[in-house]
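# Understanding the architecture of this molecule
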Amino acid sequence: MGKSMRLDKFLTEMKCGSRSEVKERIRRGSVCVDGQPVLDPGFRVDPEEMRVALNGETVGWAETEYYMLNKPQGVVSATEDSLHTTVVDLIADSRRKDLFPVGRLDIDTEGLLLITNDGALAHRLLSPNRKVDKVYLAHVTGRLPADVVERFAEGLTLKDGTALRPASLTFLKNPEEAGAAAEVLLTIREGKFHQVKRMFEAVGGTVVYLKRVSMGPLSLDKALKPGQYRALTEDELSRLAGMQSQKAGWGGV
Ligand code: URA
């Protein structure tokens, strides 16, 4: 036996309209279940077993959805916003209306963002106790101290006194010329507000470009240009599922 749910709930979750719009459509006779019109919004359907159609078109069912987005700049990490496009607006192929981003990237940050409706997974990835690695590529201007790698590794204290966990910093490009940006990879295991920008600020640098390249077992697909997305692969999903049994702890990078 699969699970059953109300017909109006099924249609609402599958983006067929608000709950009241959907009820109205059912009452008007626009909805069939297994080929038979159903006029009762409370009619129980088993989404795995039954075929629901609205105006003759089958409404596909997806209980959970998982997308990898390369977040572009100028888009907000939210589900709704009166001013800006949201990361959820970008997922044009989604079936479900309850998708949300797992964590936030600043409006001017690019890169890997997982978009799903799986609350349990989001909790696992964001829980501070799990210490999930997040890797950022940053371009940083300003004179960084010679011991910046050690200071980040020891656990930096931000200007407001916030003590951070150890973070791993690698220089990809460390220009000699003053004013040119250094390119670095930074791995952090917590997600405080504006954390990467504030870490560099604390040592006299300014982040002028920021992109997340990985989060836990997920790495940004290089084929995705900013604004593009794709469904997670089976392999990525099983790596996320495997995280459940992973021990948290600082194992070095
Ligand atoms: N740290 C930041 O400062 N900004 C982000 O978007 C992510 C991490």
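Higher on the page you've got the structure.
To keep things clear, this report deals only with the structure shown in the data block. Computed from a predicted model, the values in this text were never measured in an experiment.

Let's shift gears to the overall build of the protein chain. Summing up its helical and strand segments, the protein chain has six helices and 15 strands in all. Taking 18 Å as the expected radius of gyration for a compact globule of 253 residues, we find that the protein chain reaches 23 Å, considerably beyond that expectation. In terms of its C-alpha atoms, the protein chain occupies a principal-axis envelope of roughly 75 × 40 × 35 Å. Counting only carbon and sulfur atoms, one obtains 48% of the accessible surface of the protein chain, whose full area is about 13,400 Å². Charge centroids of the protein chain, computed over 36 positive and 35 negative side chains, lie 3 Å from each other.

What follows covers the layout of surface pockets. The computed volume of the largest pocket comes to approximately 610 Å³. Considering the residues around the largest pocket, the lining is formed by 30 residues, among which Arg104, Gly191, Lys192, Phe193 and His194 are closest to the centre. Of all the secondary structure elements, the ones that give two or more residues to the lining of the largest pocket are helix 3 (119-126), strand 10 (134-141), helix 5 (195-202) and strand 13 (206-215). Looking at the lining of the largest pocket, its residues break down into 13 nonpolar, seven polar and ten charged. Summarising the domain contributions, the lining of the largest pocket has at least three residues from each of domain 2 (66-128 + 218-245) and domain 3 (134-215).

The next point concerns the site of the ligand. Surrounding the ligand, one finds Leu105, Asp106, Thr109, Tyr136, His194, Gln195, Val196, Lys197 and Leu210. Here a nitrogen atom of the ligand sits 2.7 Å away from a polar atom, N or O, in the side chain of Asp106. Taking 240 Å² as the accessible area of the ligand by itself, protein coverage stands at 96%. When residues in the shell around the ligand are grouped by element, the largest group, three residues, is from helix 5. Looking at the shell around the ligand, its residues break down into four nonpolar, three polar and two charged. When residues of the shell around the ligand are sorted by domain, at least three fall in each of domain 2 (66-128 + 218-245) and domain 3 (134-215).

Here the focus is the nonpolar core. Counting 31 residues, the largest nonpolar core has Ile115, Phe152, Leu186, Val196, Met199 and Phe200 as its most contacted members. Secondary structure elements with two or more residues in this core: strand 7 (66-71), strand 9 (110-116), strand 10, helix 4 (148-154), strand 12 (182-188), helix 5 and strand 13. For this core, the two domains that each supply at least three residues are domain 2 (66-128 + 218-245) and domain 3 (134-215). Setting aside anything within four residues of it in sequence, one finds Val196 in contact with Tyr136, Leu186, Ile188, Val207 and Leu210.

Parameters at a glance
Residues numbered from 1 in each chain as written. Predicted model: local features only at pLDDT ≥ 70, side-chain atom pairs only at ≥ 80, totals over all residues. Heavy atoms only, no water. Helix = DSSP H or I, 4+ residues; strand = E, 2+ residues; numbered from the N terminus. Rg over C-alpha atoms; globule rule 2.2 N^0.38 Å. Areas by Shrake-Rupley, 256 points an atom, 1.4 Å probe, with all protein chains shown as cover. Lys, Arg positive; Asp, Glu negative; His and termini not counted. Charge placed at Lys NZ, Arg CZ, Asp CG, Glu CD. 1 Å grid on protein atoms, 1.4 Å probe; cavity = no way out; pocket = protein on both sides within 12 Å on 5 of 7 lines; lining within 4 Å. Points joined across faces, edges and corners; volume = space filled by probe spheres on them. Nonpolar A, V, L, I, M, F, W, Y, C, P; charged D, E, K, R; others polar. Domains from an automatic or database assignment. Near = heavy atom within 4 Å. Polar contact = N/O pair within 3.5 Å; in protein donor to acceptor, adjacent residues only side chain to side chain. Core = buried A, V, L, I, M, F, W, Y, C linked by side-chain atoms within 4.5 Å. Buried < 20%, exposed > 50% of the residue type's maximum accessible area, 1.4 Å probe, protein only. Contact = heavy atoms within 4.5 Å.

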